[in-house]
Amino acid sequence: MASNKEVIELSGKIVETLPGTQFKVELENGHQIIAHVAGRMRKHYIRLVPGDTVKVELTPYDLTKGRITYRG
């Protein structure tokens, strides 16, 4: 993605699992986006299920797609 100063970090909840390790995430402001799992989470086999609270990074250029960086 973009450099760290251009990334918007929000928290949300996983609503639905989609094919290809993508997820539909509802952000805390009510918007729904499509997000994929970041490489470090994929490397360590972090499993995500609907209902999990996650942190999502968005780029200011496309606010409909993001990357999941943390499950908490």
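One can find the structure itself at the top, above this paragraph.
The following paragraphs examine the structure supplied in this document. All of these numbers come straight from a predicted model, not from anything done at the bench. (Residues numbered from 1 in each chain as written. Predicted model: local features only at pLDDT ≥ 70, side-chain atom pairs only at ≥ 80, totals over all residues. Heavy atoms only, no water.)

**Topic: the overall build of the protein**
Regarding its fold elements, the protein presents one helix and five strands. Here the C-alpha radius of gyration of the protein, 11 Å, is about what a compact globule of 72 residues would show, namely 11 Å. In the protein, which comprises 72 residues, the proportion classed as buried is 28%. Look at the contacts in the protein between residues 6 or more apart in sequence, and 49% of them connect residues 24 or more apart. Here the protein displays about 4,900 Å² of accessible surface, and carbon together with sulfur accounts for 50% of that area. Here the protein carries 11 positive and 8 negative side-chain charges, and the mean point of each set is 8 Å from the other. (Helix = DSSP H or I, 4+ residues; strand = E, 2+ residues; numbered from the N terminus. Rg over C-alpha atoms; globule rule 2.2 N^0.38 Å. Buried < 20%, exposed > 50% of the residue type's maximum accessible area, 1.4 Å probe, protein only. Contact = heavy atoms within 4.5 Å. Areas by Shrake-Rupley, 256 points an atom, 1.4 Å probe, with all protein chains shown as cover. Lys, Arg positive; Asp, Glu negative; His and termini not counted. Charge placed at Lys NZ, Arg CZ, Asp CG, Glu CD.)

**Examining the packing of aromatic side chains**
Counted under the stated rule, the structure contains zero aromatic pairs. A cation over a ring is seen here: K55 above Y70, with NZ or CZ 5.4 Å from the ring centre. (Phe/Tyr/Trp six-rings, centres within 6.5 Å; stacked < 30°, edge-to-face > 60°. Lys NZ or Arg CZ within 6 Å of the ring centre and 35° of its normal.)

**Here we look at the pattern of salt bridges**
A complete count under the given rule lists two salt bridges for this structure. Residue R67 is joined to E57 by a salt bridge in which the shortest nitrogen-to-oxygen separation is 2.8 Å. Here R67, found in strand β5 (residues 62–71), pairs with E57, found in strand β4 (residues 53–59); they are 10 residues apart in sequence, far enough to count as distant. Given the relative accessible area of 12%, E57 is considered buried. (Salt bridge = Lys/Arg side-chain N within 4 Å of Asp/Glu carboxyl O.)

**Considerations on the nonpolar core**
With 13 residues, the main nonpolar core has F23, V25, I33, L48, V54, V56 and I68 as its most contacted residues. Breaking this core down by element, the ones donating at least two residues are β2 (22–27), β3 (32–37) and β4. Setting aside residues up to four positions removed in sequence, I33 forms contacts with F23, K24, V25, L27, V56, L58, L63, T64 and G66. (Core = buried A, V, L, I, M, F, W, Y, C linked by side-chain atoms within 4.5 Å.)

**What about the side chain of D52?**
The residue D52 is located in the loop between α1 (39–43) and β4 in this model. No salt bridge is formed by the buried D52, whose closest oppositely charged neighbour, R71, lies at an N-O distance of 4.1 Å. Not counting residues within four places of it along the chain, the set of residues in contact with D52 comprises G12, K13, I14, R47 and R71.

**Remarks on the environment of H36**
Turning to its location among the elements, H36 is positioned in strand β3. Overall, the relative accessible area of 32% leaves H36 in the partly exposed class. C-alpha of H36 to C-alpha of L18: the two residues are 18 residues apart in sequence and 9.5 Å apart in space.

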